[in-house]
Structures are given as structure tokens and as C-alpha cells.
Amino acid sequence: MSKNANSSAELFKLDGKPSFGVAFPQALQHVLAMLVGNITPPMLIANLLEMTPEQRIMLTQAAMIIGGITTLLQLYPILGFGMGLPNVMGVAFAYMPILTMIGTQYGIAAIFGSQLVAGFASIFIGMFLGKIRRFFPPIVSGTVVLSIGLSLYETATNYIGGGTAAQNAGTFGAPKFWILAAITLVVTLGCSLFGKGYIKVSGMIIGIIVGYIAALIMGGIVDFTDVGDAAVFSLPMPFAFGLEFHPDAIIMMILMYVVQAVQTIGDVSSTAMGGFGREATDKELGGAIKGQSVCGMIGACIGGLPTDPYSQNVGLICTTKVVAKRVFAIVGIIMLAAGIFPKFSALMATIPQPVLGGATITVFAAITMSGIQLLTEQPMNYRNKLIVGIALAIGIGIDSVPSILQFAPQLVQNILGSSLVVSFLVVFILNLIVPKDDSEE
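Presented here is an overview of the structure given in this document. It should be emphasised that the depicted structure is a prediction, and the values quoted were computed from it without experimental measurement.

### Points about the overall build of the chain
- Helix and strand counts for the chain stand at 21 helices and two strands.
- Scaling as 2.2 N^0.38, a compact globule of 441 residues should have a C-alpha radius of gyration of about 22 Å, and the chain matches this with 21 Å.
- Taking the principal axes of the C-alpha coordinates as reference, the chain spans close to 60 × 55 × 45 Å.
- Taken across its 441 residues, the chain has 54% of its residues classed as buried.
- Once local pairs closer than 6 in sequence are excluded, the contacts in the chain between residues at least 24 apart make up 83%.
- Of the roughly 18,200 Å² of accessible surface on the chain, 69% is carried by carbon and sulfur atoms.
- Positive and negative side-chain charges of the chain, numbering 20 and 21 respectively, have mean locations separated by a distance of 11 Å.

Have a look at this one:
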């Protein structure tokens, strides 16, 4: 067996030591999978609050830095904070409704003040997870993961159509975007289905490279303006945005942290099942939540919004089976570098959204199937099928017709406007109140 083949085999071991040349492309495709999702929430908040260009850059930088810190802490736990498993952490889209409400009412300082308190409170969820985990069997966590996968298809489709910029320009869904997405998807699938060895597990990065080259050839799609305007080196200033504490904002943020803790359970469970073929332990799940919580507190101090495990990266782990810590350590370092050197982050952000959409739709499909795999750990008898079906129907139904909540208080609208939150609440409650049924499928 060749040296390169031996090094490639190390990718599939948690403590494997693949060479840098083998590990780096694997790390890079994880960074590319999460990059747009990580920098978009701070950009949206900055636009909403009409922040200065300098503040926008600081928010985006902090998103990359806190994502890198959280990824590394989860990989290498300190005093029980962190799970010791591979994953990629980034700013969570799920917090956007709460962040928008708090920011609109009180400003950016209130967002970080409530985040600081909620992060501290969330640590206790991780500490006592062993006692409360029985309330989150596979039927609950599997429904959450399945709901995540289904909800991400809209994101992939928006990427394929050209994203928000294309919608504003009236070019959304233009043929050139479909062509780019199709090229990327075909190359990604071709490598994954017909490739061997290293080519097989690098399908996504190869697809993105080919799609990017195609975009350059087409012309008028890749814009390097932001790369030229970005600074070469800069660091975020601690407490630059200040901290304000408002009771209602704190309560809303704590509720969101509880919901995100459940998503973290689902994502970590999916990582353990997809990457290692086993269930996650209480120590791993509790450590993941505690690590995420303390990094939320750190983020509040440097301008980094709340993070969670990125489902698309979980899907990538499930797809490639690459779990070596060395790969994800490189991911964390790249994210930190992107935050410290804004030009690097700006360059990666030039990848057209149709290219990302064509590549990530395979990842989102893997998440969905991972949720189904979790669900099948319990017998799919009449009781369990009914519970899961009702939870998904109500969650996706409300998400599809948000106006059904128009007479509810704004807080309720914000919380229940997410199919993930609704599906979790319904499956959690039904699993508690519906009599147990251990009959076979």
C-alpha cells in the first residue's frame, strides 16, 4: 500500500494522523460548506441596525473567530467543556428571529448582554444532561435532525437560484445559475459515486472548484470588489459593542438556547451515528452543550453571535466518514485566520451561491437520511409513526403558512415561526403524554 493510501486511511480514524496535503482539502471543503452561512447572520443584523462599515467588518470577523474557537474547544475539551468529537461550529441562523427582535427594540448591546446571561444559564443544561437525556430518545432527536434536513432544502434552492442578491436584481433562477449549480452537482455526485479513494471523499471540494472555474469563464458572476476593499490584518476589540441587560430580552434568549441545545443533541447524535456508527454518550452531549454555552459567553464579549453545530458539516461527515481530529483542527485554524485576515475571508466569500447550492444539496440530503436513521433506532409502530408524522406536519405546516400565527403575541410568532422549534415541541410533548408502546413495527 502506498504512503498516500496509508495517509488517506488515517482520515477515517478519530486520532488518525493524515498528512497535511491529504487533510487540508478535506478541511477546506468543511470551511466552504459553512462560510456563507456563518457570515450571513452578522451581515443581516448589521444591515438591520444600520451599522457603520467598520462595525459590519467587526461583526463578520468575530463570527469567523468565534466559530474557530468553538470548533477547537469542541474538538479538544477543557474541564468538561467540549465533546471531543469532530464538528464545525458557526453562527446559527435559528437565532435570527430573536436577535432581530432584541436588536430592533434595544440595539446590538442588548443582544450581547442577553447572550452572555443565556450562555451562562445554558451551561447547566449540559451539566445535568445525564438526568434529562431520557426525555430525548431517538424518536425526539431523530425528528429534530429530520426537521433540520427538510428545512435546509429551501436554503439550498435559494442558493441555486442566485441568493438574495439575484432576487433584488430580478435575475433569481436565471439559466446561468441553473447551469452553474448543475455542473457543481454533477461533478460532486460523479466523484462521490464513481470516484475511488481520495477522489471519492473529496467530491464536494472538487465540485466547488469546477463550478467556480465555470463561473469565472461565464464572466460577470464572481465579484472581487470586497477582496480589494478588505483590510489585510485586524483584530476585533473586546466589548466594542457594549453590553445591556433587559429582562425580556434575556428570557427570549434563554428560551432560544434551550431549543438550540436540543438541535445540538440532534447534530451530535447524527455525527456519532454517521461518523462512528454509535450513539453519542451523555458526556459527549453534555460537553457539547457546555462548550457551545461558554463560547456564547466569549462571543458576547468580542462581538460573535451565538453558535451551534453546522448541520451541513454534520452531513458532510456522514457522507465522507472523515472524522480525523487533525482535519477539524485545520478547519478551526482556517476560520481563525479568516477572522484575523479579512482579505482571506472576503476571497472565500466570492464563491457564487449557485455553486454552493449545487454542492450542499447532497449534504442536506445526507442530514435528512441521518434523521431517518436515528428514528429507526426505535420501532416504527403506530404510536411512534403517529407522533413523528404529527410533529413534522405541524412544524412544516406552520413554517409554510406563517400568517396562521398573525394573531399570536410577537414573542410566540418569533419562537413558533421555526419548523424546527415547533416540531421539537410537538414531538417532545407527545412522547411524554402518549402511552408507551413497545410493540414491533
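Structure's up, so let's keep going.
### With respect to the layout of surface pockets
- If you add up the space inside the second largest pocket, you get close to 280 Å³.
- Around the second largest pocket, the lining comprises 17 residues; the ones closest to its centre are Ser192, Thr319, Thr320, Thr362 and Ala366.
- Breaking the lining of the second largest pocket down by element, the ones donating at least two residues are α9 (175-194), α10 (198-201), α11 (203-218), α15 (311-320) and α18 (353-375).
- Sorting elements by how many residues they give to the lining of the second largest pocket places α18 first, with five residues.
- Counted by class, the lining of the second largest pocket contains 10 nonpolar, six polar and one charged residues.

### Points about a nonpolar patch on the surface
- Taken together, the side chains of Val232, Phe233, Leu235, Phe341 and Phe344 present a nonpolar region at the surface, about 490 Å² in accessible area.
- Turning to its location among the elements, phenylalanine 233 is positioned in the loop between α12 (225-229) and α13 (247-276).

### Thoughts on empty space enclosed by the protein
- In this structure the tally under the stated criterion is one cavity of 30 Å³ or more.
- Lining the largest cavity we find Ala94, Pro97, Met256, Asn414, Ile415, Ser418 and Val421.
- When its residues are assigned to classes, the lining of the largest cavity shows five nonpolar, two polar and no charged.

### Points about the packing of α13 against helix α21 (residues 419-433)
- Two elements in contact, α13 and α21, have axes separated by 11 Å at closest approach and are oriented at 80 degrees. By the angle class used here, α13 and α21 are roughly perpendicular. On α21, the residues that touch Met256, Val259, Gln260, Val262 and Gln263 of α13 are Leu420, Val421 and Phe424.

### With respect to helix α4 (residues 96-106)
- Of the residues making up α4, those classed as buried are Met96, Ile98, Leu99, Met101, Ile102 and Gly103.
- Just past α4, the residue glycine 107 takes up positive phi, approximately 105 degrees.

### Some details on α15
- Counting buried positions along α15 gives nine out of 10 residues, so the element sits mostly inside the fold.
- Restricting attention to buried positions, one finds in α15 the residues Ser311, Gln312, Asn313, Val314, Gly315, Leu316, Ile317, Cys318 and Thr320.
- One or two positions beyond α15, positive phi appears at lysine 321, with a value near 65 degrees.

### Points about the side chain of histidine 30
- Tracing the sequence through the fold places histidine 30 in helix α2 (residues 20-48).
- Beyond its immediate sequence surroundings of up to four residues, histidine 30 is in contact with Val88, Asn313, Leu316, Ile317, Phe328 and Val331.

### Points about the state of the cysteines
- Within the structure shown, the criterion is met by zero disulfides.
- Of all cysteine sulfurs in the structure, the one in cysteine 301 sits closest to cysteine 295, which takes part in no disulfide; the separation is 11 Å.
- For cysteine 295, a relative accessible area of 1% puts it in the buried group.

### Notes on the environment of proline 309
- Relative to the helices and strands, proline 309 resides in strand β2 (residues 307-309).
- Residues proline 309 and threonine 188, spaced 121 residues apart in sequence, show a C-alpha to C-alpha distance of 23 Å.
- The residues touching proline 309, leaving out its near neighbours within four places in the chain, are Asn87, Val88, Met89, Gln263, Thr264, Asp267 and Gln292.

### Quick word on the nonpolar core
- Membership of the largest hydrophobic core comes to 114 residues, with the highest contact counts inside it found for Ile45, Leu99, Ile102, Ile208 and Val327.
- Ranked by residues supplied to this core, first place goes to α2 with 12 residues.
- In this view, valine 327 contacts Leu11, Pro18, Ala23, Gln26, Ala27 and Val322; residues no more than four positions away in its chain are not counted.

### A look at the packing of aromatic side chains
- The tally for this structure, following the rule as stated, stands at seven aromatic pairs.
- One aromatic cluster in this structure is built from Phe135, Phe424 and Phe428.
- Sitting over the ring of phenylalanine 81, lysine 290 keeps its end group 5.6 Å from the ring centre.

Cut-offs used in this document
- As a convention, each chain's residues are numbered from 1 in the sequence order in which they are written.
- At least 70 in pLDDT is required for a residue's local features to be given in this predicted model, at least 80 for side-chain atom pairs to be given and counted, and no such filter applies to totals for whole chains, interfaces and linings, which use all residues.
- Note: side-chain values were computed over all heavy atoms of the structure, leaving out hydrogens and water.
- Numbering of helices and strands runs from the N terminus; a helix is a DSSP stretch of H or I covering at least four residues, while a strand is a stretch of E covering at least two.
- When we talk radius of gyration, it's over C-alpha atoms, and the globule rule is simply 2.2 Å times the number of residues to the 0.38.
- Relative accessibility under 20% of the residue-type maximum defines a buried residue, over 50% an exposed one, and the middle range a partly exposed one, all with a 1.4 Å probe and only protein chains included.
- Here a residue-residue contact requires only that any non-hydrogen atoms of the pair lie within 4.5 Å.
- All accessible-area figures derive from a Shrake-Rupley calculation using a 1.4 Å probe, and residue coverage is judged against the displayed protein chains alone.
- Within this scheme the basic residues Lys and Arg register as positive and the acidic residues Asp and Glu register as negative, but His and the chain ends are omitted.
- Charged groups are reduced to one reference atom each: NZ for lysine, CZ for arginine, CG for aspartic acid, CD for glutamic acid.
- Grid points spaced at 1 Å and placed over the protein atoms alone form the basis of the search, with a cavity being a set where a 1.4 Å probe fits but cannot get out and a pocket an open set showing protein on both sides within 12 Å along at least five of seven lines. Lining residues have an atom within 4 Å of a point.
- Grid points are joined across faces, edges and corners, and a volume is the space filled by probe spheres set on the points.
- Under the scheme applied here, ten amino acids are nonpolar (Ala, Val, Leu, Ile, Met, Phe, Trp, Tyr, Cys and Pro), four are charged (Asp, Glu, Lys and Arg), and all others, including Gly, are polar.
- Like charges are joined within 9 Å and nonpolar side chains (Val, Leu, Ile, Met, Phe, Trp, Tyr) within 5 Å, but only among residues with over 30% relative accessible area and no salt bridge; these make up the patches.
- Whenever Lys or Arg places a side-chain nitrogen within 4 Å of a carboxyl oxygen from Asp or Glu, that contact is recorded as a salt bridge.
- For helices, the fitted axis covers only the stretch in contact; all axes are lines through C-alpha atoms, and the angles between them, taken along N-to-C directions, range from 0 to 180 degrees.
- Just so you know how the angles are binned, under 35 degrees is roughly parallel, over 145 roughly antiparallel, 65 to 115 roughly perpendicular, and the rest oblique.
- A pair of cysteine sulfur atoms is labelled a disulfide when the two atoms are within 2.5 Å.
- As used in this record, nonpolar core signifies buried Ala, Val, Leu, Ile, Met, Phe, Trp, Tyr and Cys residues forming a set joined through side-chain atoms within 4.5 Å.
- Only Phe, Tyr and Trp rings take part, Trp by its six-membered ring, and two of them pair if their centres are within 6.5 Å. Stacked means planes under 30 degrees apart, edge-to-face means over 60, and tilted covers everything else.
- Should the NZ of a Lys or the CZ of an Arg lie within 6 Å of a ring centre and within 35 degrees of the ring normal, that charge is described as sitting over the ring.

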